[in-house]
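Report on the structure
This is what each chain is made of:
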Amino acid sequence: MSIPPAGLKAGVAEDGVVKPGEVGTPQGAVISPLLANIYLHYVLDRWVQEWRRKTATGDVIIVRYADDFVMGFQHRKEADRFLEQLQERLREYGLELHSDKTRLIQFGRYAAEQRERDGKGKPETFDFLGFTHICGKNWKTGHFTVKRKTKGKRLAAKLKSIAAELRQRMHEPIAELGKWLRQVVQGYFNYHAIPGNYPRLAAFRREVARHLWHTLRRRSQRTRWTHRRLEQFLDRYVPRPKILHPYPLARFGASHPR
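First, a word on what this report is: a plain description of the structure on this page. For clarity, every value in this text was computed on a predicted model and none was experimentally measured.

**So, helix α6 (residues 198–217)**
- Spanning 20 residues, α6 covers 29 Å between terminal C-alpha atoms, matching the ideal 28 Å at 1.5 Å per step.
- Listed in full, the buried residues belonging to α6 are L201, A202, A203, F204, R205, V208, A209, H211, L212, W213, T215 and L216.
- Those residues of α6 that are buried are in contact with α4 (152–168), α5 (174–192) and α7 (227–237).

Have a look at this one:
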C-alpha cells in the first residue's frame, strides 16, 4: 500500500544502499502502521459505512486489521457490485487490491446447502490473520459455526524457524534452552489458542518436541538423552496446549453488553 507524500522521506535500505522515498511511509518505522490505519479509515472504513447505508439492501459486514480485511454480503449481486466500486475507490487514492488474495466465495450458514444444490461440493475456505476459516457445525447442537485452525503454511514456517534456532542453541545449558523454548511455545499459544484449534496446537507441540529430540541427541556422540528424560524436560519447560481465548460471541457480548 502506498500513501501520498506527507513529508516523510526516510527512504528504504536495499543491499546497503539507501534510496530516498518520495511517497509512502518509512518502511519498518513505528509510525507507519498508525498512518496506514488512519489512511484506510477514511479511504475504506467510512466509505464502506456510507455504501452500506445508501446502497445495500441486505446485511454487509467488514472486519479489518491493518491492510487485511474480509467482508460478508447477504446477496451475491451486491458483493459483485461492491467489489467493482471498491476497486474504483482504491484507484482514486493510488491503492489496489492484492490479486492473489481477493476473491468472492460462498460462505456462511447456507453455503453448504446452496453449493450441494448446485453440485459444487463443499464450501470454500479463506485465510485471515493466520487462520483458515471453514464452514462447519457445532458437534453438540449441529448448528452452523465457523471453524478456525492455524494456517498450514504459517505453522510449517514457524516450526522451520524453531528448528533452525534450536540448531544454533544446541550447546546452550539445558536450563537456558528450556527457558527460551518455554517463551517461544507460550507466545505461540497466546495467539493461536482459540476454540476449535486444539488439534493444531497439539501438533505444534509434538513437532517442537521432535525437533528438540534431534537437537539434544546431536549434542554428543555419547548422549544420555532418552525418551524418558525428554518427557521430563518437556513437562518442566514446554507448556501443554490449552485454549486461552473465548468464543467470538462471548468476546462480542463482553464488549457490547445489552
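This is not the end of the story, as more comes after the structure.
**A closer look at the packing of aromatic side chains**
- The full count for this structure, using the stated rule, is 12 aromatic pairs.
- Aromatic side chains W51 and F73 sit 6.3 Å apart centroid to centroid with 90° between the ring planes, which places their arrangement in the edge-to-face category. Here W51 is found in helix α1 (residues 31–54), whereas its partner F73 is found in strand β4 (residues 68–73), with 22 residues between them in sequence.
- We classify W51 as buried; its relative accessible area is 5%.
- Accessibility expressed as a relative area gives 22% for F73, which makes it partly exposed.
- For the pair F107 and F126, a centre-to-centre distance of 5.0 Å together with 70° between the ring planes defines the contact as edge-to-face. Within this pair, whereas F107 is found in the loop between α2 (76–92) and α3 (111–117), its partner F126 is found in strand β5 (residues 126–128), the two being separated by 19 residues in sequence.

**Observations concerning the sheet that holds β5**
- Taking strand neighbours across the sheet as the criterion, the 3 strands line up as β5-β6-β7 in an open arrangement whose pairing is antiparallel. Lying at the two open borders of the sheet, with one neighbouring strand each, are β5 and β7 (144–150). Recorded for the sheet is a direction-independent mean angle of 40° between the axes of neighbouring strands.
- Here β5 runs beside strand β6 (residues 131–137); their pairing, made up of 3 bridges, is antiparallel. Considered in β6, the bridge of D127 is made with T132.

**What to know about a nonpolar patch on the surface**
- A cluster of nonpolar residues, I31, L34, I38 and Y42, forms a patch on the protein surface that exposes about 390 Å² of accessible area.
- Mapped onto the fold, L34 is located in helix α1.

**Description of unusual backbone geometry**
- A positive phi angle, close to 60°, is found at A66, a residue other than glycine.
- Along the chain, the position of A66 falls in the loop between β3 (60–65) and β4.
- Backbone geometry at L129 places phi at a positive 55°, although glycine is not the residue there.
- Assignment of secondary structure puts L129 in the loop between β5 and β6.

Parameters and conventions
Residues numbered from 1 in each chain as written. Predicted model: local features only at pLDDT ≥ 70, side-chain atom pairs only at ≥ 80, totals over all residues. Heavy atoms only, no water. Helix = DSSP H or I, 4+ residues; strand = E, 2+ residues; numbered from the N terminus. Expected span 1.5 Å × (residues − 1). Buried < 20%, exposed > 50% of the residue type's maximum accessible area, 1.4 Å probe, protein only. Contact = heavy atoms within 4.5 Å. Phe/Tyr/Trp six-rings, centres within 6.5 Å; stacked < 30°, edge-to-face > 60°. Pairing = 2+ DSSP bridges. Axes fitted to C-alpha atoms, helices over the stretch in contact; angles between N-to-C directions. Patch = residues over 30% accessible without salt bridge, like charges linked within 9 Å, V, L, I, M, F, W, Y side chains within 5 Å. Areas by Shrake-Rupley, 256 points an atom, 1.4 Å probe, with all protein chains shown as cover. Salt bridge = Lys/Arg side-chain N within 4 Å of Asp/Glu carboxyl O.

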